[in-house]
Amino acid sequence: MKYLYKIIAVSVTLLGLAVAASAQFNMGYTELYDSETTAALKSHVAMFTTYDMEGRKAGSEGEKATAAYVYETLKNYGVEMLTPKEGEIFGVARPGQDTLTSRNVYGFVQGYDKNLSKRYIVIGARMDNLGADSVVVNSEKLRRVYQGANGNASGLSVMLELSRMVAANAFLFRRSVIFIGFGASEESYAGAWYFLNRAFADAGSIDAMVNLDMIGLNSSDFQAYTASNEDMNKILALAQEQLQPVLPKVTAAEAYPSDHRAFYSAEIPSVAFSTGKYAEHDTDRDVVSILDFTSMERELEYLFNFSQTLANVEVAPAFKASSAKNKVADVIYAWYDCDKKPTFLGRADPRFFLDKWVYQYLKYPDEAVKKGIQGRVSVEFVIDKDGSVIDVEITKGADPLLNAEAVRVVSASPKWKPAKVKGVTVRSSISIPIEFKLEKRGKNSFGIKK
């Protein structure tokens, strides 16, 4: 009876969220002509962007509810689930903070080929977004929710509908296909790393990965990033020989860092699909109204065709790191994947770099102080083989003033001692959170909090 009560409670919770989600759209005559696929995409996006989800921050109740919805949807679509209903739970250690608890949700569709069905294609999308915070408007404190309609309710919704199409047509797929919603992607792709390194015992049987992140805008901007993998580019070209509703532009420039990086670090060929950079990214303006559902439906049809081509090739794509002679030396390894981690002034802990360099030389922008602007800026950078800090970029920004200062101070870093893998000096990437905090001294007067 207790177990039955839990099921009823979960069902009522999801039903309540569904009712709230429906209010995100102003239903009119145009919705009467939506295809079943477009209607489903809208329903998923509405669920993920409802205010009850609180921006789906990693470790939050919103991310937990998102995981429950993803589980039920995948199961109802015919995917054989490999995680419990609450997802596969893992912890994320964060410098100077409590351990964050997140979860992955995944299952698979069995391929038909006697031999290749034991090999896997992974199709994934991140579940989390930035969450929510407070902002003062006209002396009134308001709750600001980062709904993340394009980032990444769009990719997650397309992934769900793609699972339905693949499950209904499993007899067309030689390899098995894993569908996964990643938790804590905003925390250095922790969910993807955990799946590959701790959770999925057959990670060595994964032939390729498809990442869907921020694919909700006009299909004219639809693009595919393969890190210049020749074999993956050939498979993209092979898929384009078919009649397609839309074709992605193969690009050498990564639109945004995402979960495909964890697979690349594990030397698994990956392709990241996106509709590119957009002004609303990581702001509270990333709402349902910016999405183009007609384009999303076209992209979904293309992704089904591409996934079928990828799952059916006789020879899996090989991992090739930028056509380099020494594959180990030229891959960019995540900090936690290095045998010998990079060190700053003899210390490998990134917190030491924050304390001894970043916060010592950070200059709080005067304009930001005057306006009372504060927040957290996540910065990712690469430590080159000579110890230089290069490729500094914002992965989760705040105000442009704070973003610029974060890039400046990290870019000015002295040289590090580079990382090593298998005894070879390699390039490595590190992601750090830089906090900009102010303390209020009086009315409209702020000072930098030490």
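Only a predicted model underlies this, so the values are computations on that prediction, with no experimental measurement involved.

1. Quick notes on the pattern of salt bridges
Two side chains carrying opposite charge are able to pair once their charged atoms lie near each other.
Turning to step 1, where the next piece is worked out: Going through the model one piece at a time under the given rule, you end up with 17 salt bridges.
Turning to step 2, where the next piece is worked out: Notably, a salt bridge pairs Lys371 with Glu367, separated by 3.6 Å at the nearest N-O pair. One end of the pair, Lys371, and the other, Glu367, are both in helix 11 (residues 366-371), 4 residues apart, so they sit about a helical turn from each other.
Turning to step 3, where the next piece is worked out: Using a relative accessible area of 55% as the deciding quantity, one classes Lys371 as exposed.
Turning to step 4, where the next piece is worked out: A relative accessible area of 36% places Glu367 in the partly exposed class.

2. Some points on the packing of aromatic side chains
Turning to step 1, where the next piece is worked out: Under the counting rule described, the total for this entry stands at 22 aromatic pairs.
Turning to step 2, where the next piece is worked out: Residues Phe222 and Phe273 carry aromatic rings whose centres are separated by 5.6 Å and whose planes lie at 25° to one another, so their mutual orientation is stacked. Residue Phe222 is found in the loop between strand 8 (206-212) and strand 9 (223-225), and its partner Phe273 is found in strand 11 (residues 270-274); the two are separated by 51 residues along the sequence.
Turning to step 3, where the next piece is worked out: With relative accessibility at 2%, the residue Phe222 sits in the buried group.
Turning to step 4, where the next piece is worked out: Plain terms: the ring middles of Phe273 and Phe306 are 5.4 Å apart, the flat faces sit at 75° to each other, and that makes the pair edge-to-face.

3. Notes on the confidence of the model for the protein chain
Turning to step 1, where the next piece is worked out: Mean pLDDT over the protein chain stands at 88; residues scoring 70 or higher make up 88%.
Turning to step 2, where the next piece is worked out: Counting contacts from residues 26-30, a segment whose pLDDT is below 50, to residues more than four positions away or on other chains yields 1 contact.

4. Some remarks on the packing of helix 6 (residues 230-239) against helix 8 (residues 293-312)
Turning to step 1, where the next piece is worked out: Contact geometry for helix 6 and helix 8: axes closest at 9 Å, N-to-C directions at 125°. Comparing their axes, helix 8 and helix 6 come out oblique. Crossing hand, helix 6 versus helix 8: right-handed. Contacts between helix 6 and helix 8 involve Met232, Ile235, Leu236, Leu238 and Ala239 from the first element and Tyr302, Phe306, Thr309 and Leu310 from the second.
Turning to step 2, where the next piece is worked out: Residue composition of the contact of helix 6 with helix 8, by class: 8 nonpolar, 1 polar and no charged.

5. Examining the nonpolar core
Note on soluble globular proteins: their nonpolar side chains tend to be buried together.
Turning to step 1, where the next piece is worked out: Counting 56 residues, the largest nonpolar core has Phe179, Leu212, Phe273 and Phe306 as its most contacted members.
Turning to step 2, where the next piece is worked out: Excluding residues that lie within four positions of it along the chain, Phe179 makes contacts with Leu74, Val79, Val105, Tyr106, Gly107, Val109, Ile123, Met159, Leu162, Ser163 and Val166.
Turning to step 3, where the next piece is worked out: Phe352, Ile430, Ile434 and Leu438 belong to the second-largest nonpolar core, a separate cluster that totals 27 residues.

6. A word on unusual backbone geometry
Turning to step 1, where the next piece is worked out: Cis peptide bonds are those with omega within 30 degrees of zero, and the linkage from Gly151 to Asn152 qualifies with 5°.
Turning to step 2, where the next piece is worked out: By secondary structure assignment, the location of Asn152 is in helix 4 (residues 149-168).
Turning to step 3, where the next piece is worked out: Of note, Arg56 is a non-glycine position whose phi angle comes to about 55°, a positive value.
Turning to step 4, where the next piece is worked out: Along the chain, Arg56 falls in the loop between helix 2 (36-49) and helix 3 (61-76).
Turning to step 5, where the next piece is worked out: For Arg56, a relative accessible area of 1% translates into the label buried.
Turning to step 6, where the next piece is worked out: Not every positive phi belongs to a glycine, and Asp391 is a case in point at roughly 50°.
Turning to step 7, where the next piece is worked out: Inspection of the secondary structure assignment puts Asp391 in strand 14 (residues 389-396).

7. Thoughts on the pairing of strand 14
Turning to step 1, where the next piece is worked out: Where strand 13 (residues 375-383) and strand 14 come together, 5 bridges link them in antiparallel fashion. Bridging from a neighbouring strand, Ile383 pairs with Val389 of strand 14.

8. Remarks on the side chain of Asp128
Turning to step 1, where the next piece is worked out: Take Asp128: it is sitting in the loop between strand 4 (120-126) and strand 5 (131-137).
Turning to step 2, where the next piece is worked out: Of the side chains with opposite charge, Arg126 comes closest to the buried, unpaired Asp128, at an N-O distance of 4.9 Å.
Turning to step 3, where the next piece is worked out: A polar contact of 3.1 Å, which involves the side chain of Asp128, links it to the backbone nitrogen of Ser185.
Turning to step 4, where the next piece is worked out: Among the polar contacts listed, one links the side chain of Asp128 to the backbone nitrogen of Glu186, at a separation of 2.9 Å.
Turning to step 5, where the next piece is worked out: Aside from chain neighbours lying at most four places away, what touches Asp128 is Arg56, Lys57, Ala58, Glu63, Phe182, Gly183, Ala184, Ser185 and Glu186.

9. Describing helix 2
Turning to step 1, where the next piece is worked out: Over its 14 residues, helix 2 runs 20 Å from end to end, which matches the ideal 20 Å to within 8%, given 1.5 Å per residue.
Turning to step 2, where the next piece is worked out: Extensive coverage of helix 2 is indicated by the burial of 11 of its 14 residues.
Turning to step 3, where the next piece is worked out: Residues of helix 2 that are buried: Thr37, Thr38, Ala40, Leu41, Lys42, His44, Val45, Ala46, Met47, Phe48 and Thr49.

Criteria and cut-off values
Residues numbered from 1 in each chain as written. Predicted model: local features only at pLDDT ≥ 70, side-chain atom pairs only at ≥ 80, totals over all residues. Heavy atoms only, no water. Salt bridge = Lys/Arg side-chain N within 4 Å of Asp/Glu carboxyl O. Helix = DSSP H or I, 4+ residues; strand = E, 2+ residues; numbered from the N terminus. Buried < 20%, exposed > 50% of the residue type's maximum accessible area, 1.4 Å probe, protein only. Phe/Tyr/Trp six-rings, centres within 6.5 Å; stacked < 30°, edge-to-face > 60°. pLDDT = per-residue confidence, 0-100. Contact = heavy atoms within 4.5 Å. Axes fitted to C-alpha atoms, helices over the stretch in contact; angles between N-to-C directions. Parallel < 35°, antiparallel > 145°, perpendicular 65-115°, else oblique. Left-handed = near helix turned anticlockwise from the far one by under 90°. Nonpolar A, V, L, I, M, F, W, Y, C, P; charged D, E, K, R; others polar. Core = buried A, V, L, I, M, F, W, Y, C linked by side-chain atoms within 4.5 Å. Pairing = 2+ DSSP bridges. Lys, Arg positive; Asp, Glu negative; His and termini not counted. Polar contact = N/O pair within 3.5 Å; in protein donor to acceptor, adjacent residues only side chain to side chain. Expected span 1.5 Å × (residues − 1).

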